[in-house]
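# Chain and residue survey
Listed below, chain by chain, are the residues.
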Amino acid sequence: MSATAQTLRPPSKTLMFLEGRAIHEFGAFLGALPLLSLSPRGDGHPVLVLPGLVASDVSTRPLRSFLKSKGYAVSGWRQGRNLGLRHGVQEAMVDLVHELCDIHGRKISLVGWSLGGLYARQLAKMMPEQVRSVITLGSPFSGHPRATNAWRVYELASGRRADEDHRFGGSLSEPPPVPTTAIFSRTDGICAWQGCMEKSSPIAESIEVESSHCGMGHHPAVVYAVADRLAQAEGQWTPFDRSGWRSLIYPDPNR
């Protein structure tokens, strides 16, 4: 972990208080559905959506329903509430990736929200032959484990220390060997945004949005970006295009 990552601190109490805007972001998602329907259609490949800490597949239902409408074979993670890497969780996710790949006969894309994004990255490192791409939403993979306002909740839910070295798949900060997109927000009230950014490379990028952490899974700008990234043909990944109207919605992450 870099010295910069070591010094990251959780978002301010003000930003944490502003997480309540996630409710309004869901309303914006519903209102934006006619415009979101103009996003590119998919090619039918399987997509696994992983929820955040203490959340379940219910939290990702709006995103999964939208992606299903765009033609993808979408699945939730099927393990109830995400209470951390308790016994059997890793094995169940690995089995599900194998199952979805076998059923559809194609590589799978992984979309993970917050803690779910950490799982997605690590699964891709363990199973690169089965994974087509990874998209993370507000996932703190490159900061200190306590550079969030949720580390105490994680320790309570999982029964493990937040900084305990029990991660599967190797270093969290190391990017997966498949096309990877990290979506983050500087107004995230749960995770330090600096720890949610990916290092740019020929197969890795960051996309900035103006969103809460708790609303990221249904924020219209996030949903559009996810659909745009998933719609790329396998083996023909290119970075997100911010030109034209998109520059008004998606800030330059390197500013």
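Scope of this entry: the structure provided in the associated data block. (Residues numbered from 1 in each chain as written. Predicted model: local features only at pLDDT ≥ 70, side-chain atom pairs only at ≥ 80, totals over all residues. Heavy atoms only, no water.)

## Concerning the overall build of the chain
Within the chain, the regular secondary structure consists of nine helices and six strands. On C-alpha atoms alone, the chain measures out to a radius of gyration of 17 Å, which is about the 18 Å that the 2.2 N^0.38 rule sets for 255 residues. When its C-alpha atoms are laid out on the principal axes, the chain stretches across 40 × 40 × 35 Å. Here the chain, with 255 residues, has 53% of them falling under the buried criterion. (Helix = DSSP H or I, 4+ residues; strand = E, 2+ residues; numbered from the N terminus. Rg over C-alpha atoms; globule rule 2.2 N^0.38 Å. Buried < 20%, exposed > 50% of the residue type's maximum accessible area, 1.4 Å probe, protein only.)

## Details of the side chain of Asp-228
The residue Asp-228 is located in helix α8 (residues 220–230) in this model. Among the residues examined, Asp-228 registers a relative accessible area of 10% and is labelled buried. A distance of 3.2 Å separates the side chain of Asp-228 from the side chain of Arg-246, its partner in a polar contact. For Asp-228, the contacting residues outside a window of four places in its chain are Pro-40, Phe-240 and Arg-246. (Polar contact = N/O pair within 3.5 Å; in protein donor to acceptor, adjacent residues only side chain to side chain. Contact = heavy atoms within 4.5 Å.)

## Quick look at unusual backbone geometry
You will see that Arg-78, though not glycine, has its phi angle at about 65°, which is positive. By secondary structure assignment, the location of Arg-78 is in the loop between β2 (73–75) and α5 (89–104). The phi dihedral of Ser-114 falls on the positive side, at around 55°, and the residue is not glycine. Take Ser-114: its relative accessible area is 11%, and that puts it in the buried class.

## Concerning the pairing of strand β5 (residues 180–185)
On a regular strand, each side chain points to the face opposite its neighbour's, so the side chains alternate between the two faces of the sheet. The buried fraction of β5 is high, at six of six residues. Side chains Thr-180, Ala-182 and Phe-184 project from β5 onto one buried face, and the interleaved Thr-181, Ile-183 and Ser-185 project onto a second face that is buried too. Pairing analysis gives four bridges linking strand β4 (residues 131–137) to β5, with the strands arranged parallel. Across the sheet, Ile-135 pairs through a bridge with Thr-181, a residue of β5. Judged from the six bridges that link them, β5 and strand β6 (residues 204–209) form a sheet pairing that is parallel. When the sheet's bridge partners are listed, Ser-185 is paired in β6 with Val-209. (Pairing = 2+ DSSP bridges.)

## Remarks on the sheet that holds strand β3 (residues 108–113)
Reading across from one edge, β2-β1-β3-β4-β5-β6 is the order of the six strands in this open sheet, with parallel pairing throughout. Strand pairing shows two members of the sheet lacking a second neighbour, β2 and β6, which therefore form its edges. Between one strand and the next, the sheet's axes are offset by a mean angle of 15°, whatever the strand orientation. Bridge count between strand β1 (residues 46–50) and β2: three bridges; the pairing is parallel. Each residue of the ladder has a partner; that of Val-47, found in β2, is Val-74. On the sheet, α5 packs against β1, β2 and β3 and is oriented at approximately 160° with respect to β1. (Axes fitted to C-alpha atoms, helices over the stretch in contact; angles between N-to-C directions.)

## Section: the packing of aromatic side chains
Two aromatic rings, taken as a pair, are described by how far apart their centres are and by the angle between their planes. Inspection of the entire model under this criterion finds six aromatic pairs. Ring centres 5.4 Å apart and planes at 75° place the aromatic pair Tyr-224 and Trp-245 in the edge-to-face group. A residue pair is termed long-range when its members are at least 10 positions apart, and Tyr-224 in helix α8 and Trp-245 in the loop between α8 and α9 (246–249) qualify at 21 residues. Judged by its relative accessible area of 12%, Tyr-224 falls in the buried class. Trp-245 sits in the partly exposed class, given a relative accessible area of 45%. Chaining the aromatic ring pairs together yields one cluster made of Trp-77, Tyr-119 and Phe-168. For Arg-121, the ring lying beneath its charged end belongs to Phe-141, and the centroid distance is 3.7 Å. The ring of Trp-193 carries Arg-186 above its face, with NZ or CZ at 4.2 Å from the centroid. (Phe/Tyr/Trp six-rings, centres within 6.5 Å; stacked < 30°, edge-to-face > 60°. Lys NZ or Arg CZ within 6 Å of the ring centre and 35° of its normal.)

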